[in-house]
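Survey of secondary and tertiary structure
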Amino acid sequence: MVRESTDIVSIELAGPRGEPLPPWEPGAHIDVQLVTRQQRQYSLCGDPADRSTYRIAVLREEFSRGASMYVHDYLRVGRTVHAGTPRNLFPLLSSERYLLLAAGIGITPILPMARALAERGAHWSLNYAVRDGAQFPFQAELDALGDRVTVNAPDRAGRLDLAQFLAEPRPGTAVYCCGPARFTDAVEEAMAAWPRGGLHLERFEPKIGVTRPNEPFTVRCVRSEVTVDVPAELSMLKALEIAGVAVPGSCLRGVCGSCAVTVLGGEPEHRDSLTSDEHSATMYPCVSRSLTPSLEIDV
Amino acid sequence: MLVKNDFRRLDEAGLRERLGHPDQATTDKILDHLDRNCLAFLAHSPFLCLATSDGDGNADCSPRGDYPGFVRALDEKTIVLPDRLGNKLADSFRNILDNGHVGLVCFVPGMTETLRINGTAYVTDDPGLLAMLEQDHVTPSLATVITIDEVYLHCGRALVRSGLWDPEMQDLAAEVPSSGTIWAEASGYAPGVAQVIDDAMTGAYKTLY
């Protein structure tokens, strides 16, 4: 465990017998289950070539649901946590140029991306927005990447004015962005004039949005031949679990993507923070519901 | 069964004559706040019993359980207890409205010592506080905030003697009437209803939040 800043620690996880860990690519995350049985998702921020450990970083959030405080206060070297296999919903796709944007703890998936792009000799740059330019996570590692990295803080390169910085669309540039909701929302807004598909976002907080009131609906699970009533007060994921057609879920907040199901009929109401196409046939039942009285899903 | 409930009643002098007095070491460990060890105990505790009483002193004690650490320490003198789905009798809440004094005994599975906390409580629906207590995508609608008067680690003899954490002791459960049986008989339902209640409870236990 390394203290990266006043409120961020990084943690290296190794297999119990030191066995090589499953491979991963920049942008991947793992589920981590603490001894308190709380499960959270953390981006891998170490070196993919190092198969002996995974590195994650955790921000202490006093006013959150408690897992990050547990990590800071009680997780110690040598203790056991349960970690899942890496999944990647935020992969680096081929592009002419790359613009990486991170804020705060959102540097975690972006750091391995920056390293991979530097190794490839790609055309890339990174803007990292932090509160305090004197102490922020992975300072030495970011400095080692040279002048393609700009640290935006009042006492460094100055604050990043996203609206101005992103006003002009840059065709051929793929943008990869991770940070708190207000940062990712601001990037999304600033890039309104950019070509579709240029922005790749990873959120670790649900997108702030207004949803219509919950209505009950029915789900027909086509493969398991079960029909499930979803009452207004239960999530579709929970209703499926109770009916015995459990779909694996993890974040339960529409950000991690682990509960994805394919819709075969009816029209889902996407309430997650992953879907950009409102007509997408992939839905996340931990938060999403239905616009039609019934849905058919490939479960 | 009981012949007559008029056994000799002891006063404090009688009690002390039988029991003696506590060691200095025992009273020394009583704190008026949570120290780091008590905080660590709470951070790993998934279960407690909450004792309350109304303005007339009528007492009540009820179980509370959730993921380990569900009782959050806001600081060394303040803890908060989320309200989860229950029977809506609100016995504890109604008592707390009447009389804020509460007593808690907190358990960590596998640990024989228990943490006892006494304090003064109130009930709140503060949205910021409730958001911190979200579990399984459900935010509780109420929480109990407790200001701590006394904290102490209670020795483990009761749990050692009872074998509470011994897996082999769990064969006892099969000898007790099922919840459906107890419920149906207490309510004067027809005998067949017990199974219906048992099945319904099995379903209900899948919705925990």
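Here the structure is a predicted model, which is why all the values come from computation and not from measurement.

Looking only at helices and strands, chain B has 8 helices and 7 strands in total. C-alpha atoms of chain B, sized along the principal axes, occupy 55 × 55 × 40 Å. Per-residue burial over chain B gives 19% buried out of 209 residues. Restricting the contact set of chain B to residue pairs at least 6 apart, pairs at least 24 apart contribute 62%.

Time to look at the interface of chain A and chain B. Taken together, the contacts link 15 residues of chain A with 12 residues of chain B. If one sorts the elements of the side of chain A that touches chain B by residue count, helix H1 (residues 67-74) of chain A sits on top with 3 residues. Across the side of chain A that touches chain B, the residue classes tally to 6 nonpolar, 5 polar and 4 charged.

Here the focus is the UniProt feature "domain: FAD-binding FR-type" (unreviewed entry) in chain A. Using the residue numbers shown here, the UniProt feature "domain: FAD-binding FR-type" (unreviewed entry) corresponds to residues 1-93 of chain A. Taken end to end, residues 1-93 of chain A is 9% helix and 32% strand, and its first and last C-alpha atoms sit 31 Å apart.

Residues and elements named next belong to chain B. Turning to helix H4 (residues 91-98), its buried residues number three or more, namely Ser92, Asn95 and Ile96. Buried positions in H4, seen along its axis, are confined to an arc of 100° and lie on one side of it. For H4, the elements touching its buried residues are strand S1 (47-53), strand S2 (59-65), strand S5 (101-107), strand S6 (114-124) and strand S7 (143-154).

What follows covers the sheet that holds strand S14 (residues 261-265) of chain A. Residues and elements named next belong to chain A. The strand order across the open sheet formed by 5 strands is S13-S12-S18-S14-S16, and the pairing between neighbours is mixed. This sheet does not close on itself; its edge strands, each paired only once, are strand S13 (226-230) and strand S16 (282-283). Across 2 bridges, S14 lies against S16 in antiparallel orientation. When the sheet's bridge partners are listed, valine 261 is paired in S16 with methionine 283.

The next subject is the packing of helix H7 (residues 179-187) of chain B against helix H8 (residues 193-204) of chain B. Residues and elements named next belong to chain B. Between H7 and H8, the least distance of the axes is 7 Å, while the angle of their chain directions is 130°. Comparing the axis directions of H7 and H8 gives the class oblique. Here the hand of the crossing between H7 and H8 comes out right-handed. On H8, the residues touching Ser179, Gly180, Thr181, Trp183 and Ala184 of H7 are Val193, Ala194, Gln195, Ile197, Asp198 and Met201. Each residue belonging to the contact of H7 with H8 can be placed in one class, and the counts come to 6 nonpolar, 4 polar and 1 charged.

What follows deals with the domain arrangement of chain B. Each assigned domain of chain B is listed with its residue range as follows: domain 1 (28-161) and domain 2 (177-204). The distance between the C-alpha centroids of domain 1 of chain B and domain 2 of chain B comes to 30 Å.

Turning our eyes to something else, we now look at the environment of Asp229(A). Residues and elements named next belong to chain A. Summarising the element assignment, aspartate 229 is placed in strand S13. Exposure remark for aspartate 229: the 13 C-beta atoms within 10 Å place this residue in the partly exposed category. Contact partners of aspartate 229, with chain neighbours within four places excluded, come to Pro216, Thr218 and Ala239.

Residues and elements named next belong to chain B. Bridge analysis of strand S4 (residues 78-82) against S7 gives 5 bridges, and the strand direction is antiparallel. Pairing of valine 80 across the sheet is with valine 145, part of S7. Relative to S7, S6 runs antiparallel, the two sharing 11 bridges. What sits directly across from leucine 115, in S7, is leucine 153.

Residue and element names in this part refer to chain B. Topologically, serine 162 is positioned in helix H6 (residues 157-162). On the basis of neighbour count, serine 162 is assigned to the exposed category, with 11 C-beta atoms found within 10 Å. For the pair serine 162 and leucine 142, spaced 20 residues apart in sequence, the C-alpha to C-alpha distance is 34 Å.

This part takes up the nonpolar core. Of all hydrophobic cores here, the largest spans 79 residues; its most connected members are Leu100(A), Ala102(A), Ile110(A), Ala114(A) and Cys106(B). Counting residues in hydrophobic clusters, the runner-up holds 25 residues, among them Phe204(A), Val219(A), Leu274(A) and Ile297(A).

With that settled, consider H1(A). Residues of H1(A) that are buried include every one of Ala67(A), Ser68(A), Met69(A), Tyr70(A) and Val71(A), and no others. If you follow the buried residues of H1(A), they end up packed against strand S4 (39-43) and strand S5 (53-59) of chain A together with helix H3 (36-43) of chain B.

Right, let's get into the sheet that holds strand S7 (residues 97-103) of chain A. Residue and element names in this part refer to chain A. Strand order in this open sheet of 5 strands is S9-S8-S7-S10-S11, and the pairing throughout is parallel. This sheet does not close on itself; its edge strands, each paired only once, are strand S9 (149-152) and strand S11 (199-203). Adjacent strand axes in the sheet meet at a mean angle of 15° when their direction is disregarded. In the sheet, strand S8 (residues 123-129) pairs with S9 via 4 bridges, with the strands oriented parallel. Its bridge partner lying in S9, alanine 129 is registered against asparagine 152. Contacting S7, S8, S9, strand S10 (173-179) and S11, helix H2 (residues 107-120) runs over the sheet at an angle of about 150° to S7. Helix-sheet contacts for helix H5 (residues 181-190) involve S7, S8, S10 and S11, and the interaxial angle to S11 is about 165°.

Each value, and the rule that gives it
Residues numbered from 1 in each chain as written. Chains lettered and ligands numbered in written order. Predicted model: local features only at pLDDT ≥ 70, side-chain atom pairs only at ≥ 80, totals over all residues. Helix = DSSP H or I, 4+ residues; strand = E, 2+ residues; numbered from the N terminus. Buried ≥ 20, exposed ≤ 12 C-beta atoms within 10 Å, placed from the backbone. Contact = placed C-beta atoms within 7 Å. Nonpolar A, V, L, I, M, F, W, Y, C, P; charged D, E, K, R; others polar. UniProt positions renumbered as here; feature names shortened; annotations may be inferred. Arc of directions from axis to C-beta. Pairing = 2+ DSSP bridges. Axes fitted to C-alpha atoms, helices over the stretch in contact; angles between N-to-C directions. Parallel < 35°, antiparallel > 145°, perpendicular 65-115°, else oblique. Left-handed = near helix turned anticlockwise from the far one by under 90°. Domains from an automatic or database assignment. Core = buried A, V, L, I, M, F, W, Y, C linked by C-beta atoms within 7 Å.

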